[in-house]
Amino acid sequence: MTSTVGQDVGALSLARVEGVDKVTGRARYAFEYAAEGAAYAWPVQATVARGRVSSVEVEGAVGRDGVIEVLWHANAPRLGDTGDASLAVLQDDRVAFRGQVVALVVALSQEAAREAAAQLVVHYEAAPHDSVLTADHPSLYKPATINPGLEPDTTAGDPAGAFAASEVQVDETYTTPAEHNNPMEPHATTASWDGDSLTVQDSNQGGQVVRQTLSKAFGVDPENVRVISAHVGGGFGSKGLPRPNVVLAAMAARIVDRPVKLALTRQHQFSLVGYRTPTIQRLRLGADSFGVLSSIGHDVIEQTATVKEFAEQSALLTRMMYAAPNRRTTHRLARLDVPIPSWMRAPGECPGSFALESAMDELAVAAGVDPVELRIRNEPAADPGSGLPFSSRHLVECLRAGAERFGWADRDPRPRRRPDGRWLVGSGVAASTYPVNVAPATARVAVDTDGHYTVSINATDIGTGARTALFIIAAQRLGVSPEQVTILIGDTRLPRAGLAGGSMGTNSWGWAVEKAAAKLAARLDGEGGVVPAEGLDATEGTAADLKDQAPFSRHAFGAQFVEVRVDVDSGEIRVPRMVGVFAAGRIINPITARSQLIGGMTMGLSMALHEEGVMDAEFGDYANHDFASYHIAGHADIGQIDVSWLDEQDPNLGPNGTKGVGELGIVGTAAAVANAVYNATGVRLRSLPLHLEDLLER
Amino acid sequence: MGTASGDEISTRSDVRLSVNGEGIDVTLDNRTSLLDALRDHLGLTGSKKGCDHGQCGACTVLVDGRRVNSCLTLAVAVQGTDIVTIEGLAVDGDLHRLQRAFIDRDAFQCGYCTPGQICSAVGMLGEADRGWPSAVTPSAVIEFDGAGALDADEVRERMSGNLCRCGAYANIVPAILDVAGLP
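Residues numbered from 1 in each chain as written. Chains lettered and ligands numbered in written order. Predicted model: local features only at pLDDT ≥ 70, side-chain atom pairs only at ≥ 80, totals over all residues.

(A) Inspection of the overall build of chain B at higher detail. Secondary structure summary: chain B contains 6 helices and 5 strands in total. On the principal axes, the C-alpha backbone points of chain B span a range of 60 × 35 × 30 Å. Counting the 183 residues in chain B, one finds 52% classified as buried. Here the analysis covers contacts within chain B between residues at least 6 apart in sequence; of these, 54% occur between residues at least 24 apart. (Helix = DSSP H or I, 4+ residues; strand = E, 2+ residues; numbered from the N terminus. Buried ≥ 20, exposed ≤ 12 C-beta atoms within 10 Å, placed from the backbone. Contact = placed C-beta atoms within 7 Å.)

Next comes the structure, spelled out in structure tokens:
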């Protein structure tokens, strides 16, 4: 382990395997498969936030302009157990949130389907709704578990007593808004039945669960359901679970007896595919005059829907981030008449780090300690929540390396000390962390008599570079050149594998690929290095290996440094440069890993400056439903982003020594920006996004 | 354009489009956008639908050399123009310089905004060659006929109609500057 930055040392840096397909337009996404005689389906969304659908005027619609079917709960086929209430579409008359699918128009052209959906008359019995999250909402309750099945509350020692007795105290509340994943490719499905066999080309982060869901919903054998996801236009958590589009497309295809294509619109994305819950987070930090923590409290209030519970683990990182003998975390949910929140890039760590890392900056100011030094002083020897040793933890090294790359030593900690013309300049820091997750996977590696190797695994590359990373793992393990290897992913006919989620894709799939490649190499040795006429293959799974893992607290870490410039007149915030230094185990493919980390920081900057789902209390829905009103970062928002990593070697991980980089980059970015804005202006903003009007002098 | 009589076909038109140098005859619903015509009727799915409202740029194609949002353009309205899509940029299998630069710089992740980014960049470089200023071009530069000189800030401004949710901007801008021969 070195503390210098070694981006490409010893690694084979390969351009994406599918790069040419993507830059030439040849790569096919879910909606783009040819399907002879396909019809087009268009969802109709509820215009009330709570109530019942009393009737739909189907008669006026069907038969006109190529409309061949209108499905609603009175005529839609009954589904089997979907295992997920959000997928029981058109099964009853209940409206649980505005934007819920209440009908589906199927027509011979997209134009006809869209127009008929817009014209369709739906009658409701509306009921009063309650869609606004407040800190004292009467429905607040403690969920049984928080995502992904963890304790909602933890306590150690006497956090309240220790806080009260602390020389330096920070007791502040931070809020984050609803944020919408918005992958560039809206969710889409092409569904085709052949007797009792169903094939879907679907936009998802893992076809296995899609297959299981469709099998149960339509009562067909899982072997008869094929899910193909060769290319997926981003997901960021929103495609981690099957969404209504895939169930509706399969349902419609069965009813109209022809293939059906269904692409959600950008507007649909805001109600039907999950989003990040708004959060209200109270942080209490108690420390001595040196900034050494004795008490950490993190109490979280969030929302969930009435259809299905989702409890975001926003205080989870506070359990393991900094040392303190007295600590507590809690999560409470308000059950509201709102679209169903779900995973969005780094659920928990992302919003939670805005609160924790902002509070740490406030503590640094209150204690008069440099914020980098403050974090170093509170570095724990072992995971303070679980008591387990860390498999590796190089946060301090990341902070030091980042401070050097950024030029932190020159920083004046006092706010408003760096005017530059009409701009106030400031800098801020925050730490990043993300757990190392892994799920069972199976891979097959085969070689033919020409010496060509084929790697098969139902992994999904949603833009992460996983396809290329697995390709590299196989080629390196087999000791062959990349031209001798073909990789097949994104098809449930391939060996079974889990989600592209939780930053565990390459970690989980790479383990199986490494194991299968090693087995094949051994078999080939057994044949004296000569491939027999029928070829040779090996299939290996990792389920048993995962159970045998030694108990460690496994996390990736990082440090982010941000420079901001704030316009003294308008309050406009610009971010000319960002530096991120990470420690995430072995990096398989530097070029794509770097892109992942840059992408995470870019989305974090977007979160800091732009993203805000605005709840319309009157209608009970998010009022902004497109890119004109829900802003995400564009080209002009992004300056220099300097990403690097430590050469971290952790023997307590899987065989590839990987931790995962998909989510790490977004954790802490928004706090670093807010902390820099404080340094620039002296104004502490505790709500995201950072609004310019809050920076103007009153 | 043939607009036949009778209720049944009055909403459809026989359209002749020139796409990537090839003339194509197709009968389309008059409501069909250029984007849907390309994707659903001509099998050219390289142009992407990210918003269908002209807000994301994923559908960007070149019409008579100028970049347009094909989702906001009716197919019947672009007869007689030369349309170039992402599929038309590579010549005889040789990638366009921007396509090569995007690969070399890893200027994409999921790839869904990529055809639009590349087509937009082709159009943008043409605008710069013609000396068109952008919103960040200083007025003094415009007065001295110096508009069109590119640097990173100019590229960022001129490319801001093309969103990328994976956050590849920090690689896209260098890729475009490479092709423009700029540091």
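(B) Inspection of the environment of L293 of chain A at higher detail. All names here are of chain A. Relative to the elements of secondary structure, L293 occurs in strand 14 (residues 293–305). The exposure class assigned to L293 is buried, which follows from the 25 C-beta atoms found within 10 Å. Distance from L293 to A593, taken between C-alpha atoms, is 34 Å for residues 300 residues apart in sequence. Here L293 is in contact with L285, G286, A287, Y322, A323, A324 and N378, once residues within four sequence places are set aside.

(C) Representation of the packing of helix 4 (residues 207–218) of chain A against helix 5 (residues 244–256) of chain A within the structure. Residue and element names in this part refer to chain A. Contact geometry for helix 4 and helix 5: axes closest at 11 Å, N-to-C directions at 45 degrees. With respect to helix 5, the axis of helix 4 lies oblique. Helix 4 and helix 5 meet at a crossing whose hand is right-handed. Across the interface between the two elements, V210, L214, A217 and F218 of helix 4 pack against V246, V247 and A250 of helix 5. Residue classes in the contact of helix 4 with helix 5 are distributed as 7 nonpolar, no polar and no charged. (Axes fitted to C-alpha atoms, helices over the stretch in contact; angles between N-to-C directions. Parallel < 35°, antiparallel > 145°, perpendicular 65-115°, else oblique. Left-handed = near helix turned anticlockwise from the far one by under 90°. Nonpolar A, V, L, I, M, F, W, Y, C, P; charged D, E, K, R; others polar.)

(D) The arrangement of the packing of helix 2 (residues 97–104) of chain B against helix 3 (residues 114–129) of chain B in detail. All names here are of chain B. Here helix 2 crosses helix 3 at 130 degrees, and the two axes come no closer than 10 Å. Comparing the axis directions of helix 2 and helix 3 gives the class oblique. With respect to the hand of their crossing, helix 2 and helix 3 are arranged in right-handed fashion. Residues L98, Q99 and F102 of helix 2 pack against T114, I118, A121 and V122 of helix 3. For the contact of helix 2 with helix 3, the class distribution of residues is 5 nonpolar, 2 polar and no charged.

(E) Region of the structure containing helix 3 of chain B. Residues and elements named next belong to chain B. With 16 residues, helix 3 extends 22 Å from end C-alpha to end C-alpha; this agrees with the ideal 22 Å at 1.5 Å per step. The buried count for helix 3 comes to 12 of 16 residues, which makes it a mostly enclosed element. Of the positions making up helix 3, those classed as buried are T114, P115, G116, Q117, I118, C119, S120, A121, V122, G123, M124 and A128. Following helix 3 by one or two positions, G131 has its phi on the positive side, about 80 degrees. (Expected span 1.5 Å × (residues − 1).)

(F) Representation of the sheet that holds strand 1 (residues 12–19) of chain B in the model. Residue and element names in this part refer to chain B. With respect to topology, 5 strands assemble into an open sheet ordered 2-1-5-3-4, the strand pairing being mixed. Each of the sheet's edge strands pairs with one partner strand only, and the pair in question is strand 2 (22–29) and strand 4 (66–69). Each adjacent strand pair in this sheet contributes to an overall mean axis angle of 45 degrees, direction not counted. Contacts from helix 3 reach strand 3 (60–63) and strand 4, with the element oriented near 35 degrees to strand 3. (Pairing = 2+ DSSP bridges.)

(G) A look at the sheet that holds strand 1 (residues 39–45) of chain A. Residue and element names in this part refer to chain A. On the basis of which strands lie adjacent, the open sheet formed by 7 strands has the order 3-5-1-12-9-10-11 and mixed pairing. Only two strands of the sheet have a single partner each, and these edge strands are strand 3 (67–72) and strand 11 (225–228). Taken over all neighbouring pairs, the strand axes of this sheet differ in orientation by 20 degrees on average, direction set aside. Strand direction decides the pairing type here: strand 1 and strand 5 (residues 101–107), joined by 6 bridges, are antiparallel. Bridge pairing in strand 5 places W42 opposite V105. Those strands touched by helix 2 (residues 110–119) are strand 1, strand 3 and strand 5, and its axis lies near 20 degrees from that of strand 1. The strands touched by helix 4 are strand 10 (197–202) and strand 11; relative to strand 11, the strand with the most contacts, the crossing angle is about 145 degrees.

(H) Examining the pairing of strand 2 (residues 51–56) of chain A more closely. Residue and element names in this part refer to chain A. Judged from the 2 bridges that link them, strand 2 and strand 4 (residues 94–95) form a sheet pairing that is antiparallel. When the sheet's bridge partners are listed, G51 is paired in strand 4 with V95. Alignment of strand 2 against strand 6 (residues 122–126), held across 5 bridges, turns out to be antiparallel. If you follow V53 over to strand 6, its bridge partner there is Y124.

(I) Main features of the confidence of the model for chain B. All names here are of chain B. When the pLDDT values of chain B are averaged, the result is 93; 95% of them are 70 or greater. Counting interchain partners and residues more than four positions distant, the pLDDT-below-50 stretch residues 1–6 has 10 contacts. The complex model carries a pTM of 0.97, and its ipTM stands at 0.97. (pLDDT = per-residue confidence, 0-100.)

(J) Region of interest: the nonpolar core. All names here are of chain A. Judged by nonpolar contacts, the single largest core of 263 residues is most densely connected at A41, V105, A252, L470 and V673. Ignoring anything within four residues of it in the chain, the contact list for V105 reads A41, W42, V44, A61, V67, V70, A113, A116, A117 and L120. Membership of the second largest hydrophobic core comes to 8 residues, among which are A178, Y275, W343 and M615. (Core = buried A, V, L, I, M, F, W, Y, C linked by C-beta atoms within 7 Å.)

(K) Molecular detail of unusual backbone geometry. All names here are of chain A. Each neighbour pair has its own omega, and for N147 with P148 the value is -5 degrees, a cis peptide bond. Relative to the assigned elements, P148 resides in the loop between strand 6 and strand 7 (154–156). Between L688 and the following residue, P689, the backbone shows a cis peptide bond with an omega angle of -10 degrees. Tracing the sequence through the fold places P689 in the segment after helix 14 (669–681). Positive phi, normally seen in glycine, also occurs at S503, with a value near 55 degrees. Relative to the assigned elements, S503 resides in the loop between strand 20 (485–488) and helix 11 (505–526).

(L) Here's a closer look at the pairing of strand 3 of chain B. Residues and elements named next belong to chain B. In terms of strand pairing, strand 3 meets strand 4 through 4 bridges, oriented antiparallel. Across the sheet, V63 pairs through a bridge with R66, a residue of strand 4. What sits between the antiparallel neighbours strand 3 and strand 4 is a turn of 2 residues, in which D64 has the positive phi angle 50 degrees. Two elements, strand 3 and strand 5 (residues 82–84), share 2 bridges in a ladder whose sense is antiparallel. Counterpart to V63 in the pairing with strand 5 is I83.

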